[in-house]
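Take a look at the letters that make up each chain.
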Amino acid sequence: MINIENQFFFKDEAQNIEVFIKREDLIHPFISGNKFRKLKYNLLQAKKEKQAALLTFGGAFSNHIAAAAYAGHEYGFKTIGVIRGDELFNKINENPTLQFAQKCGMQLEFVSREDYRLKTETHFIEKLHQKWGDFYLVPEGGTNTFAIKGCEEILLDGDSKFDYICCAVGTGGTISGIINSALSHQKVLGFPALKGDFLKDEIQKFTTQEHWELITEYHFGGYGKVDSTLISFINTSFATNKIPLDPIYTGKMAFGVIDLIQKKYFPKNAKILMIHTGGLQGIQGMNIKLKNKNLQTIVYND
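Residues numbered from 1 in each chain as written. Predicted model: local features only at pLDDT ≥ 70, side-chain atom pairs only at ≥ 80, totals over all residues. Heavy atoms only, no water.

Glancing now at the sheet that holds strand β5 (residues 107-111). Pairing is parallel across the open sheet formed by 4 strands, whose spatial order is β5-β4-β3-β6. At either end of the open sheet lies a strand with only one pairing partner, and these are β5 and β6 (136-137). Packing of helix α5 (residues 122-132) onto the sheet brings it into contact with β3 (53-58), β4 (78-84), β5 and β6, and relative to β3 it is tilted by some 135°. (Pairing = 2+ DSSP bridges. Helix = DSSP H or I, 4+ residues; strand = E, 2+ residues; numbered from the N terminus. Contact = heavy atoms within 4.5 Å. Axes fitted to C-alpha atoms, helices over the stretch in contact; angles between N-to-C directions.)

Structure follows, in structure tokens:
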């Protein structure tokens, strides 16, 4: 069992509400946060099935692609990454995530956005087998029953003192594991990085518990979208706590938690634990975008 520390993040003195953050980003320098949790049992299953290759899916700046590439390098798997957007084929040198994946030995397969939508279709997977041979398939974002099992290990016995557990939501795997392991007196709040309510149905595939809720108004326009308010919050948090936050997931969740405290969503004396799901590798790519727009960039190291 990995023991990840909880760091103090914020206190509202008037309401006596304390916020801590579980530093899952510190699990591993390259397979950090929920990606480590999601890959753990998938890698063990791939070994059990005597598979030599992993194939998975992701976007241009995917934390999952970067983590899977390094995991393959570290644990002896060939890796294939199916990347959304065939226009990226000639832009690898402009993309730090894809460069990192290649350096780790991952072979990249660029597909059109239309074809990428077929990633769960049997005929599309069969075409990938015809090209790449036998492989262990890890879904986009890593979310499957093995990933849920890994994410059920995020909460530890010492976390029982918290009333609320908060985490960002992408594909729904991390929050599903947290919901399954949270205690009956704890409410789990998920902050989706994407627009829409479809994630509720995805989460219900992996949990039968009901002590959870999705807070859907802190996506900042949708997946990968940021604004100056969010960037300022992330940079102020780093200056105050020396805790780096990524702008796609954890930064938005943390912003939402603090905003809800100010709006008196939580009862007085509440103790809140936020889960840092990693994703810091994506900041470099986001900063390139921000610089190109002459906007403030994200500070995440001294």
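Turning our eyes to something else, we now look at the state of the cysteines. Taken as a whole and assessed by the stated rule, the structure comprises 0 disulfides. The cysteine Cys167 is free of any disulfide, with Cys166 supplying the nearest cysteine sulfur at 8.0 Å. Given a relative accessible area of 0%, Cys167 falls into the buried group. (Disulfide = S-S within 2.5 Å. Buried < 20%, exposed > 50% of the residue type's maximum accessible area, 1.4 Å probe, protein only.)

You can see Gly58 is positioned in strand β3. Overall, the relative accessible area of 2% leaves Gly58 in the buried class. Taking the C-alpha atoms as reference points, Gly58 and Val82, 24 residues apart in sequence, are found 6.5 Å from one another. In contact with Gly58, other than residues within four places in its own chain, are Ile65, Val82, Ile83, Arg84 and Tyr116.

So, on to the side chain of Gln45. Within the element layout of this structure, Gln45 appears in helix α1 (residues 33-48). Excluding its chain neighbours within four sequence positions, the residues that come into contact with Gln45 are Tyr136 and Phe146.

Another aspect to go through is the packing of α1 against helix α2 (residues 63-75). Relative to each other, α1 and α2 sit at 45°, their axes nearing to 11 Å. Compared by their axis directions, α1 and α2 come out oblique. Once α1 is placed against α2, the crossing between them reads as right-handed. Contacts between α1 and α2 involve Lys35, Leu39, Leu43 and Lys47 from the former and Asn63, His64, Ala67, Ala68, Ala71 and Tyr75 from the latter. Broken down by class, the residue content of the contact of α1 with α2 amounts to 6 nonpolar, 2 polar and 2 charged. (Parallel < 35°, antiparallel > 145°, perpendicular 65-115°, else oblique. Left-handed = near helix turned anticlockwise from the far one by under 90°. Nonpolar A, V, L, I, M, F, W, Y, C, P; charged D, E, K, R; others polar.)

An ideal rise of 1.5 Å per residue puts 18 Å on 13 residues; α2 measures up with 18 Å between its terminal C-alpha atoms. Within the span of α2, buried status applies to Asn63, His64, Ile65, Ala66, Ala67, Ala68, Ala69, Tyr70, Ala71 and Gly72. Taken together, the buried residues of α2 touch α1, β3, β4, α3 (96-103) and α11 (282-292). N-capping of α2 is provided by Ser62, with a side-chain oxygen placed 3.1 Å from the backbone N of His64. Just downstream of α2, Gly76 is the residue with a positive phi angle, here 85°. (Expected span 1.5 Å × (residues − 1). Polar contact = N/O pair within 3.5 Å; in protein donor to acceptor, adjacent residues only side chain to side chain.)

A few words now on the nonpolar core. Counting residues in hydrophobic clusters, the biggest one holds 36 residues, and the most contacted among them are Phe9, Phe191, Val257, Phe266, Ile272 and Met274. At the level of elements, β2 (17-22), β7 (164-169), β8 (187-192), α9 (228-241), α10 (250-262), β10 (271-275) and α11 are the ones that each hand at least two residues to this core. Apart from the residues lying within four places of it in its own chain, the contact partners of Met274 are Phe9, Val19, Phe20, Ile21, Lys22, Cys166, Met253, Ala254 and Val257. Of all hydrophobic cores here, the second largest spans 27 residues; its members include Phe77, Ile83, Leu88 and Tyr136. (Core = buried A, V, L, I, M, F, W, Y, C linked by side-chain atoms within 4.5 Å.)

Moving on, we come to the sheet that holds β2. Spatial strand order, β1-β2-β10-β7-β8-β9: 6 strands in an open sheet with mixed pairing. The strands lining the two open edges of the sheet, one partner per strand, are β1 (6-12) and β9 (212-214). Averaged over all pairs of adjacent strands, the angle between their axes in this sheet comes to 25°, without regard to strand direction. In this sheet, β9 lies alongside β8 in parallel orientation, the contact comprising 3 bridges. Of the residues in β9, the one forming a bridge with Leu189 is Glu213. Strands β1, β2, β7, β8 and β10 of the sheet are contacted by α10, whose axis makes an angle of about 165° with β10.

In summary, the side chains of a regular strand alternate between the two faces of the sheet. Burial within β3 is extensive, with 6 of its 6 residues counted as buried. Burial along β3 is two-sided: Ala53, Leu55 and Phe57 and Leu54, Thr56 and Gly58, pointing in opposite directions, are all buried. As paired strands, β3 and β4 are joined by 6 bridges and run parallel to one another. Across the sheet, Thr56 pairs through a bridge with Gly81, a residue of β4. Of the strand pairs in this sheet, β3 and β6 are connected by 2 bridges, and their pairing is parallel. Pairing of Leu55 across the sheet is with Leu137, part of β6.

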